[in-house]
Amino acid sequence: MASIIMYLSTVIFLISIVVHHIICGLVEWLYIRLGRSDEAREAALEFQMKTIATMIIGYLGLAVFLITLFVMVVSGKTTLPQWACIWNTLPIMLLLLVTKLPAKGNIAGAIMYLGLFLML
């Protein structure tokens, strides 16, 4: 059951985050194309705020995936040792939330991959 949840949450995450990044690029292009005026900035921000659901849905999918993986590792249902749950993006992200670092998700993902690489 966990594999189905993780598979579906991955599909939801990937599709909606791709759409979100396309929208972000489109908003930047529109802002520049419309002359970088205050009116262009307001129109671009309004468009982005009206389409923010793609980002929210994407990160909810990621959260479901990470929580499921964390529970599976902690409960011993994987071949990984239970202490390996510290390399999950979820606890790393929770630690990074209190910082002012940009791109916290990217940093958490990089730390996760580095930790798993060193562990293996």
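Reading the values: rules and limits
- Residues numbered from 1 in each chain as written.
- Predicted model: local features only at pLDDT ≥ 70, side-chain atom pairs only at ≥ 80, totals over all residues.
- Heavy atoms only, no water.
- 1 Å grid on protein atoms, 1.4 Å probe; cavity = no way out; pocket = protein on both sides within 12 Å on 5 of 7 lines; lining within 4 Å.
- Points joined across faces, edges and corners; volume = space filled by probe spheres on them.
- Helix = DSSP H or I, 4+ residues; strand = E, 2+ residues; numbered from the N terminus.
- Nonpolar A, V, L, I, M, F, W, Y, C, P; charged D, E, K, R; others polar.
- Expected span 1.5 Å × (residues − 1).
- Buried < 20%, exposed > 50% of the residue type's maximum accessible area, 1.4 Å probe, protein only.
- Arc of directions from axis to C-beta.
- Contact = heavy atoms within 4.5 Å.
- Patch = residues over 30% accessible without salt bridge, like charges linked within 9 Å, V, L, I, M, F, W, Y side chains within 5 Å.
- Areas by Shrake-Rupley, 256 points an atom, 1.4 Å probe, with all protein chains shown as cover.
- Salt bridge = Lys/Arg side-chain N within 4 Å of Asp/Glu carboxyl O.
- Polar contact = N/O pair within 3.5 Å; in protein donor to acceptor, adjacent residues only side chain to side chain.
- Axes fitted to C-alpha atoms, helices over the stretch in contact; angles between N-to-C directions.
- Parallel < 35°, antiparallel > 145°, perpendicular 65-115°, else oblique.
- Left-handed = near helix turned anticlockwise from the far one by under 90°.

**Some words on the layout of surface pockets**
Here the largest pocket is characterised by a volume of approximately 690 Å³. Looking at the largest pocket, it is lined by 25 residues, and the ones nearest its centre are Phe-13, Leu-62, Leu-66, Thr-89 and Gly-105. Looking at the lining of the largest pocket element by element, the count peaks at 7 residues for helix α5 (residues 104-119). The class makeup of the residues in the lining of the largest pocket is 17 nonpolar, 7 polar and 1 charged.

**Quick word on α5**
Between the first and last C-alpha of α5 there are 22 Å, a value that for 16 residues agrees with the 22 Å anticipated at 1.5 Å per step. Within the span of α5, buried status applies to Lys-104, Ala-108, Gly-109, Met-112 and Gly-115. The buried residues of α5 occupy an angular sector of 135° when projected down its axis, which confines them to one face. Looking at α5, the residues exposed on the side facing more than 90 degrees away from the buried face are Asn-106, Tyr-113, Phe-117 and Leu-118. For α5, the elements touching its buried residues are α4 (89-96).

**Points about helix α1 (residues 2-33)**
The end-to-end C-alpha separation of α1 is 46 Å, in line with the 46 Å expected for 32 residues at 1.5 Å each. The elements touched by buried residues of α1 are α2 (38-50) and α3 (53-74). Directly after α1, the chain includes Gly-35, whose backbone phi takes a positive value near 95°.

**Observations regarding a nonpolar patch on the surface**
A surface patch of nonpolar side chains, amounting to about 850 Å² of accessible area, comprises Met-1, Ile-4, Ile-5, Tyr-7, Leu-8, Val-11, Ile-15, Val-19 and Val-64. Considering the arrangement of structural elements, one finds Val-64 in helix α3.

**Side note on the side chain of Lys-104**
Following the sequence through the fold, Lys-104 ends up in helix α5. Polar side-chain contacts of Lys-104 include one of 2.8 Å to the backbone oxygen of Leu-101.

**So, unusual backbone geometry**
Of note in this structure, Arg-36 is not a glycine but carries a positive phi near 55°. Looking at where Arg-36 falls in the secondary structure, it is placed in the loop between α1 and α2. Despite not being glycine, Ala-103 shows a phi value in the positive range, around 55°. Along the chain, Ala-103 falls in the loop between α4 and α5.

**Some words on the packing of α1 against α3**
Close contact between α1 and α3 brings their axes to 7 Å; oriented N to C, the two are set at 150°. Of the possible angle classes, the one that applies to α1 and α3 is roughly antiparallel. Here α1 runs over α3; the crossing is left-handed. Each of Ala-2, Ile-5, Met-6, Ser-9, Thr-10, Ile-12, Phe-13, Ser-16, Ile-17, Val-19, His-20 and Ile-23 in α1 lies in contact with α3, whose residues at this interface are Thr-54, Met-55, Ile-57, Gly-58, Tyr-59, Gly-61, Leu-62, Val-64, Phe-65, Thr-68, Leu-69 and Met-72.

**Notes on the pattern of salt bridges**
Counted according to the given criterion, the structure contains 1 salt bridge. Two residues, Glu-46 and Lys-50, come together in a salt bridge whose shortest N-O distance is 3.0 Å. One end of the pair is Glu-46 and the other is Lys-50, both in helix α2 and 4 residues apart, which spans about a single turn.

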